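The lines below spell out each chain.
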Amino acid sequence: AIRELARFAELLDADVAVSPEAKHVFDNYAHRFLGVVGVMGHPAVANALNQADLVIPVGTRMPLLDRAGIEALLEERDLLVIHDESSFLRSKRGGNLEISGELKTSLQEICIQLRNTVEPMRPANRLQQSAVRRTPIERKSFRENDENSNLPTYEEVAISLEESFLSTSDVF
């Protein structure tokens, strides 16, 4: 599911943090890579969480050592968990969506749905800029985007994903 995770992050233009035991699943030199989460976590992860409205843990239940130091931040974010088991995370904001199933297949199906939903909404130059970005940029959260923004809202992404998985996965 390594290629699928990279494609998923690309489609969402998302930054990626990894757990210590999963450092190999994402290119540590990619411009999207933030670092490791948890007890050995990198400060860039907490900084990114402070700016995020939506957090998407993929392939992890986020056990205690992975969420150490960032648990309070995670509780204040909407969560979309993609894993084959139930997550240990719960949002106090009420935005909890879990997509369970075989990870590679789930990510492939999500990417197909996102390709039809997200890519047509992006300005063409945004894709070109993200490929050459070398320094962290200040990003608006989905909820703070102005009305002229082409990015989907959290609700639009969640509804799109939920609709695409009702027949093939358990959505909680």
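In this numbering scheme, every chain counts its residues from 1 along its sequence in written order. Owing to the predicted nature of the model, reporting of local features is limited to residues with pLDDT of at least 70; listing and counting of side-chain atom pairs is limited to 80 or more, with chain, interface and lining totals taken over all residues. Values reported for side chains reflect all heavy atoms of the structure, with hydrogen atoms and water molecules removed beforehand.

1. Notes on the nonpolar core
Note on terminology: a nonpolar core comprises buried Ala, Val, Leu, Ile, Met, Phe, Trp, Tyr and Cys residues joined through side-chain atoms within 4.5 Å. Exposure classes here rest on a 1.4 Å probe applied to the protein chains alone. A residue is buried below 20% of its type maximum, exposed above 50%, and partly exposed in between. Membership of the largest hydrophobic core comes to 21 residues, with the highest contact counts inside it found for Phe8, Val18, Phe26, Ile82, Ile110 and Leu114. Put simply, the parts of the chain that give this core at least two residues each are helix H1 (2-12), strand S1 (16-18), strand S2 (33-36), strand S4 (78-83), strand S5 (96-100), helix H5 (103-117) and helix H7 (154-165). With five residues, the top contributor of residues to this core is H1. Listed in part, the 11 residues of the second largest apolar core include Val45, Leu49, Leu73 and Leu74. A run of H or I in DSSP counts as a helix once it spans at least four residues, and a run of E counts as a strand once it spans at least two, with each numbered from the N terminus.

2. Quick word on the pattern of salt bridges
Between Lys or Arg on one side and Asp or Glu on the other, a salt bridge is scored when a side-chain nitrogen of the former is within 4 Å of a carboxyl oxygen of the latter. Tallied over the full model, the rule gives eight salt bridges. Residues aspartate 53 and arginine 93 are paired through a salt bridge, measuring 3.6 Å at the closest nitrogen-oxygen approach. With a gap of 40 residues between them, aspartate 53 in the loop between helix H2 (43-51) and strand S3 (54-55) and arginine 93 in the loop between S4 and S5 connect regions that are remote in the sequence. Residue aspartate 53 is classed as buried on the basis of its relative accessible area of 14%. Among the residues examined, arginine 93 registers a relative accessible area of 35% and is labelled partly exposed. Overlapping salt bridges bring together Asp53, Asp78 and Arg93 as one network.

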